[in-house]
Amino acid sequence: SHLQVRQVSCESGNPADCTGPAPASTQQCINRQGCRWETGLWSPCSAACGPGVQTRSVVCPGGPAACPSPEPQQEQVCEGTLCEWKVWDYIPCNTTCGAGYSTRLVQCPA
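Residues numbered from 1 in each chain as written. Predicted model: local features only at pLDDT ≥ 70, side-chain atom pairs only at ≥ 80, totals over all residues. Heavy atoms only, no water.

(A) Seen up close, the overall build of the chain. Along its length, the chain carries 0 helices and 8 strands. Reading the chain from its N end, one meets helices and strands in the order β-β-β-β-β-β-β-β. Over its C-alpha atoms the chain spans a radius of gyration of 35 Å, topping by over 25% the 13 Å that the globule rule assigns to 110 residues. By principal-axis analysis of the C-alpha atoms, the chain measures approximately 120 × 20 × 15 Å. The buried share among the 110 residues of the chain stands at 14%. Taken as a whole, the chain presents about 9,200 Å² of accessible surface, with 53% of it coming from carbon and sulfur. The positive charge centre, built from 6 side chains, and the negative charge centre, built from 8, are 5 Å apart in the chain. (Helix = DSSP H or I, 4+ residues; strand = E, 2+ residues; numbered from the N terminus. Rg over C-alpha atoms; globule rule 2.2 N^0.38 Å. Buried < 20%, exposed > 50% of the residue type's maximum accessible area, 1.4 Å probe, protein only. Areas by Shrake-Rupley, 256 points an atom, 1.4 Å probe, with all protein chains shown as cover. Lys, Arg positive; Asp, Glu negative; His and termini not counted. Charge placed at Lys NZ, Arg CZ, Asp CG, Glu CD.)

So, in structure tokens, the structure goes:
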């Protein structure tokens, strides 16, 4: 917060001529008109593969109450894309003699 300042004086120039305590010469003020949320860059996704979370800093220089609502998100869901294939062993050949085929399970974990 900041202070607003004004000059306070007695009209005669002599403070003893004025009655009662002098009015305040300062008061606190808050100007919210220029306040804007400041956001940082999103962090890398927390997961290399599959669902994860990204975070960023969100700050209002004048304090949270000074900036307009809603406050920008500090977290968001992300999807890691560095997925590797999961491969199982081949099952035995489907024939005991000659040409046949063998299969195996191959899966992308995401």
